[in-house]
Amino acid sequence: MTETSWIHIGMPKTGTKSLQEGMFYRHSEVGYLGLYIHDRKQFSECRDADVQQVYRNFIFKCEEEPPASICEGFQRNILNPIFEASRCPVFSWESLIENNLDVKRQRARNLHKLFGSCRILVTLRQPISLMQSIYLQLLSRDNAGSYSRWGSPIRFESIDEWITHNWDKIGGAPHSHLEYPASIRVFAEEFGEENLEIRLYEQLKSEPEIYYRSICEVMKINHEEGIHLTKEIQRNRRWTVQQYEFLQRVSASKWKRFFFQYSPPKIRRIFLGISE
């Protein structure tokens, strides 16, 4: 029976969906505590309301440390039953590695109090490729995703303009993503370097089975099941050159900007060729 909990701290855009929805959520040897989400539509995809409340109060907000009674209850009522079922407790939230360093330190301290001794999985990506992917993700989010609304104007700027405008915004993209060495150091200092496992997105792209197998083996869960489950999950669709150029043309035309602004998100997605 495993006696080790795992916390997957990201980064974003490193194949986190295949781990969260493919492997962690469905693997028979994993007790998945869920993914913490905060947006306008939903507050969480945690396992249940009890887990959600703990994460909301002490990980997402993290304005205070969890009292001993909360930590003891979390370990007794949440973690121990998973261990008793011979499963591996896993929490995954790629945004743990985002925000400013003070917030990360507090989150790391709070996680350590809640989970006790555990191991940390970090998934990284080459910085230039990461910035390009985040930039395109934000274009999609702002113009046809969760931030788009009827009447909201098109949001378009080149990647160079985006980097320039946001470079000094401490805790936001891309600054928080590029300071990943400092972010990893925060968790290493809290949990111990020996408890960190780092995997690279580039290996996922070139050798996916080896990548997933290595994660399963270090977590001591069945790798054949893990590999099979990750093959079934649909990856995030990459934005195409055509979609980018469409937004560029709309941004350059007064009438196209007006028409796009007063189109509902569903129509915008049709224009961009984004499936529901």
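Refer to the structure presented above.
Residues numbered from 1 in each chain as written. Predicted model: local features only at pLDDT ≥ 70, side-chain atom pairs only at ≥ 80, totals over all residues. Heavy atoms only, no water.

Asker: Help me get a handle on helix α3 (residues 68-84), residues and values and all.
Answerer: Spanning 17 residues, α3 covers 22 Å between terminal C-alpha atoms, matching the ideal 24 Å at 1.5 Å per step. At Q75, α3 shows its largest bend, some 30 degrees. Buried within α3 are the following residues: C71, G73, F74, I78, L79, I82 and F83. Where the residues of α3 are buried, they touch β1 (5-8), β2 (30-35), α2 (49-60), β4 (88-92) and α4 (101-115). (Helix = DSSP H or I, 4+ residues; strand = E, 2+ residues; numbered from the N terminus. Expected span 1.5 Å × (residues − 1). Bend = angle between axes of the 7 residues up to and from the residue. Buried < 20%, exposed > 50% of the residue type's maximum accessible area, 1.4 Å probe, protein only. Contact = heavy atoms within 4.5 Å.)

Asker: Before we move on, could you go through the packing of α4 against helix α8 (residues 180-191) and cite the residues and values that matter?
Answerer: Each pair of packed helices can be described by the angle between their axes along with the distance between the axes. One way to put it is that α4 packs onto α8 with a least axis distance of 9 Å and a crossing angle of 30 degrees. It follows that α4 is roughly parallel to α8 by the angle criterion. Note that α4 runs across α8; the crossing there is right-handed. Taken together, the residues of α8 that come into contact with α4 (itself represented by L101, K104, R105, A108, R109, L111 and H112) are A182, S183, V186, F187, E190 and F191. Tallied by class, residues from the contact of α4 with α8 come to seven nonpolar, two polar and four charged. (Axes fitted to C-alpha atoms, helices over the stretch in contact; angles between N-to-C directions. Parallel < 35°, antiparallel > 145°, perpendicular 65-115°, else oblique. Left-handed = near helix turned anticlockwise from the far one by under 90°. Nonpolar A, V, L, I, M, F, W, Y, C, P; charged D, E, K, R; others polar.)

Asker: Describe the layout of surface pockets, and please don't skip the residues or the numbers.
Answerer: The rolling of a water-molecule-sized probe over the atoms marks out the regions of remaining empty space. Taken as a whole, the second largest pocket encloses approximately 180 Å³ of empty space. Together, D50, Q53, V54, N57, F58, I70, G73, F74, N77 and I78 line the second largest pocket. Among the elements of the structure, α2 and α3 are those that each provide at least two residues to the lining of the second largest pocket. Class assignment for the residues of the lining of the second largest pocket results in five nonpolar, four polar and one charged. (1 Å grid on protein atoms, 1.4 Å probe; cavity = no way out; pocket = protein on both sides within 12 Å on 5 of 7 lines; lining within 4 Å. Points joined across faces, edges and corners; volume = space filled by probe spheres on them.)

Asker: I'd like to hear about the pairing of β1, residue by residue, with values.
Answerer: A regular strand places its side chains on the two faces of the sheet in alternate fashion. Side chains S5 and I7 of β1 all project onto a buried face; the interleaved residues W6 and H8 project onto the opposite face, where all are buried too. One ladder, built from four bridges, connects β1 with strand β5 (residues 118-124); its direction is parallel. Counted as the bridge partner of H8 is L121 from β5. Relative to β4, β1 runs parallel, the two sharing three bridges. Pairing of I7 across the sheet is with F91, part of β4. (Pairing = 2+ DSSP bridges.)

Asker: Quick one: what's the story with the environment of Y244, residue by residue and with numbers?
Answerer: Within the fold, Y244 resides in helix α12 (residues 241-252). Judged by relative accessible area, Y244 falls into the partly exposed class, the value being 22%. Here the alpha-carbon distance between Y244 and L272, two residues 28 residues apart in the chain, equals 8.7 Å. Beyond its immediate sequence surroundings of up to four residues, Y244 is in contact with Y135, L136, L139, F156, S158 and W239.

Asker: Provide a residue-level description of the environment of H177, including the pertinent values.
Answerer: Tracing the backbone shows H177 in helix α7 (residues 175-178). In this view, H177 contacts M11, P12, E98, L130 and I134; residues no more than four positions away in its chain are not counted. Among the polar contacts listed, one links the side chain of H177 to the side chain of E98, at a separation of 2.6 Å. (Polar contact = N/O pair within 3.5 Å; in protein donor to acceptor, adjacent residues only side chain to side chain.)

Asker: Before we move on, can you summarise the side chain of S18 with the specific residues and values?
Answerer: On the secondary structure map, S18 appears in helix α1 (residues 16-24). Separated by 2.6 Å, the side chains of S18 and Y212 make a polar contact.

Asker: So, the side chain of E197: which residues are in play, and what are the values?
Answerer: Along the polypeptide, E197 turns up in strand β6 (residues 196-200). Overall, the relative accessible area of 17% leaves E197 in the buried class. Engagement of the side chain of E197 in a polar contact is seen with the side chain of R119, the distance being 3.0 Å. Contact partners of E197, with chain neighbours within four places excluded, come to W6, R119, I120, L121, V122 and V218.

Asker: How would you summarise unusual backbone geometry if you had to cite specific residues and measurements?
Answerer: Cis peptide bonds are those with omega within 30 degrees of zero, and the linkage from A173 to P174 qualifies with 0 degrees. Here P174 lies in the loop between α6 (159-166) and α7. The phi torsion at K13 lies on the positive side, around 65 degrees, for a residue other than glycine. Assignment of secondary structure puts K13 in the loop between β1 and α1. We classify K13 as buried; its relative accessible area is 19%.

Asker: Please provide a residue-by-residue account of a nonpolar patch on the surface, values included.
Answerer: Judged by side-chain polarity, W150, W255, F258 and Y262 come together as a nonpolar surface patch covering roughly 560 Å² of accessible area. Relative to the elements of secondary structure, Y262 occurs in the loop between α13 (254-261) and α14 (265-272). In this structure Y262 comes out as partly exposed when scored by relative accessible area, which is 36%. (Patch = residues over 30% accessible without salt bridge, like charges linked within 9 Å, V, L, I, M, F, W, Y side chains within 5 Å. Areas by Shrake-Rupley, 256 points an atom, 1.4 Å probe, with all protein chains shown as cover. Salt bridge = Lys/Arg side-chain N within 4 Å of Asp/Glu carboxyl O.)

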